[in-house]
Amino acid sequence: MPTQITKLRVFIASPGGLDEFRENFNKTLAEYNRLEALPLGVMFEAVGWEVTIGGHTRAQEAINNELRTCDYAVFMLRDRWGSPPDAGRKYSSGFEEEWEIAQNMLDMKQMMNIAACFFSVPENQNKDPGDQYKKVLAFRKILVDGKKDFFKIFKDDHEFEAWLRGYLADWRRHNERAGVEPAGDSTLSRAEATPPGLLPQEDPASSATDQALLKQLNALIKNSAWVALPAFVSAIEPLLTEPADKAFALLMHGYALGQLKRSAEAIAVYDDLLARFGAATEPVLEEIVTRVRARLTLRPPNPTERAR
């Protein structure tokens, strides 16, 4: 019998120099899922710049969009604050921009919790901190004085893994008690209970390139490879030449995002599809557009509002 799994997305934020901790973060989540979370119907998914797909938007905005789909966020700092994400913008680093977005989400109840971690530095660096570490210390003082946000100052780096395991357990228990649905979910996901139906793909009008790419796409669909499919469609859609093939790829992109409980992103893909092909009269395109409009009738009043 199929088992229903509640997926909770956890954003990892850090400036450069903490790659080892980011890797440890992912390994700890995977092990916790296997040993404790999945047997209880919960899965934590790590989200960060490593898995962010590039596109036509600025790099930091692509990361921000991933953050907006998350239920929790962990911010990690040692002695680096980072550099401004864009020239002339108000943020001194991408880390600062991500923190403000997460704070706003928390205030609007679009995120369940945030934690900040500070790793120790050599004693001589405390005496002569330098510009980067001064910014970290200033940020830490804000948290200490504000007494609002949860933070942890580690004296030993090895404490991190045990702390993270305890925090994951607290998050899981909180969700069990509150019965809260994860951030990526919304009423749109109910439209994703069954596949949209595969449309005929062996069109003589399609180029050899289109047919080869669509063959790979259909293989992903057949194997329910929803995690891989969004990135694959993002890569192949500019290469497809026939409008119907492009529209079909976008349809399956939106469907895969729905399966992954990333409904706000699914809505954005569907809106893009309608903007580009909504007025088409070709029968295949009309069928795709009809399917998309039927799905969007189930969207929440505000696509950024989380369903409860």
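Our structure's up above, just so we're on the same page.
This is a predicted model, so every value here is computed, not measured.

### Brief notes about the overall build of the protein
Then step 1. Secondary structure assignment for the protein yields eleven helices and five strands.
Then step 2. Within the protein, buried positions represent 47% of all 308 residues.
Then step 3. If you take every contact in the protein between residues at least 6 apart in sequence, the share linking residues at least 24 apart comes to 72%.
Then step 4. Accessible surface computed for the protein: about 15800 Å², of which carbon and sulfur atoms make up 54%.

### As for the pairing of strand β2 (residues 42-47)
On any regular strand, side chains alternate: one points to one face of the sheet, the next to the other face.
Then step 1. As paired elements, strand β1 (residues 6-13) and β2 share six bridges and run parallel to each other. Directly across from K7, in β2, lies its bridge partner M43.
Then step 2. In this view, the connection linking β1 to its parallel neighbour β2 by way of helix α1 (residues 19-37) has right-handed handedness.

### Things to note about the pattern of salt bridges
Then step 1. Counted by the stated rule, this structure contains 15 salt bridges.
Then step 2. Residue E66 pairs with R262 through a salt bridge whose shortest N-O separation is 3.5 Å. Pair noted here: E66 is in helix α2 (residues 59-67) and R262 is in the loop between α9 (243-259) and α10 (263-277), with a separation of 196 residues, a long-range link. In this pair, the class of E66 matches that of R262, namely buried.

### Details of the packing of aromatic side chains
Then step 1. Enumeration over the complete set of coordinates arrives at 23 aromatic pairs.
Then step 2. On the numbers, 5.4 Å between centres and 50° between planes, the contact of W81 with F139 is tilted. With a gap of 58 residues between them, W81 in the loop between β3 (72-77) and α3 (94-107) and F139 in helix α5 (residues 130-146) connect regions that are remote in the sequence.
Then step 3. Taking the relative accessible area as the measure of exposure, W81 reaches 5% and is therefore buried.
Then step 4. F139 sits in the buried class, given a relative accessible area of 8%.
Then step 5. Here the aromatic rings of F119 and F160 are separated by 5.5 Å at their centres, their planes lie at 70°, and the arrangement is edge-to-face.

### A short note on the sheet that holds β2
Then step 1. The five strands are arranged β2-β1-β3-β4-β5 in an open sheet whose pairing can be described as parallel. Pairing within the sheet leaves two strands with one partner each, and these edge strands are β2 and β5 (150-154). This sheet shows a mean twist of 20° between the axes of neighbouring strands, independent of strand direction.
Then step 2. Lying on the sheet, α5 is in contact with β3, β4 (113-119) and β5; it crosses β4 at an angle near 135°.

### Quick look at the nonpolar core
Then step 1. One finds L217, W226, L229 and L273 to be the most contacted residues of the largest nonpolar core, which totals 31 residues.
Then step 2. Of all the secondary structure elements, the ones that give two or more residues to this core are α7 (208-222), α8 (229-236), α9, α10 and α11 (283-296).
Then step 3. If you tally residues by element for this core, the top one is α9, at ten residues.
Then step 4. Those residues in contact with L273 that lie beyond four places of it in its chain are A247, L250, L251, G278, I288, V289 and V292.
Then step 5. Among the nonpolar cores identified, the runner-up in size contains 27 residues, and V10, V42, F154 and W163 belong to it.

### A look at the packing of α8 against α9
Then step 1. Between α8 and α9, whose axes approach to 9 Å, the crossing angle comes to 155°. As judged from the angle between their axes, α8 and α9 are roughly antiparallel. At the point where α8 passes α9, the crossing takes the left-handed sense. Residues L229, P230, V233 and S234 of α8 lie in contact with α9, whose contacting residues are A249, L250, M252, H253, A256 and L257.
Then step 2. Taken together, the residues of the contact of α8 with α9 sort by class into eight nonpolar, two polar and no charged.

### A short note on the environment of L239
Then step 1. On the secondary structure map, L239 appears in the loop between α8 and α9.
Then step 2. For the pair L239 and D210, spaced 29 residues apart in sequence, the C-alpha separation works out to 7.7 Å.
Then step 3. Those residues in contact with L239 that lie beyond four places of it in its chain are T209, D210 and L213.

The rules behind the values
- Residues numbered from 1 in each chain as written.
- Predicted model: local features only at pLDDT ≥ 70, side-chain atom pairs only at ≥ 80, totals over all residues.
- Heavy atoms only, no water.
- Helix = DSSP H or I, 4+ residues; strand = E, 2+ residues; numbered from the N terminus.
- Buried < 20%, exposed > 50% of the residue type's maximum accessible area, 1.4 Å probe, protein only.
- Contact = heavy atoms within 4.5 Å.
- Areas by Shrake-Rupley, 256 points an atom, 1.4 Å probe, with all protein chains shown as cover.
- Pairing = 2+ DSSP bridges.
- Right-handed = clockwise from strand over helix to strand, strands pointing away.
- Salt bridge = Lys/Arg side-chain N within 4 Å of Asp/Glu carboxyl O.
- Phe/Tyr/Trp six-rings, centres within 6.5 Å; stacked < 30°, edge-to-face > 60°.
- Axes fitted to C-alpha atoms, helices over the stretch in contact; angles between N-to-C directions.
- Core = buried A, V, L, I, M, F, W, Y, C linked by side-chain atoms within 4.5 Å.
- Parallel < 35°, antiparallel > 145°, perpendicular 65-115°, else oblique.
- Left-handed = near helix turned anticlockwise from the far one by under 90°.
- Nonpolar A, V, L, I, M, F, W, Y, C, P; charged D, E, K, R; others polar.

Everything listed here is a matter of geometry and, on its own, says nothing about what the molecule does.
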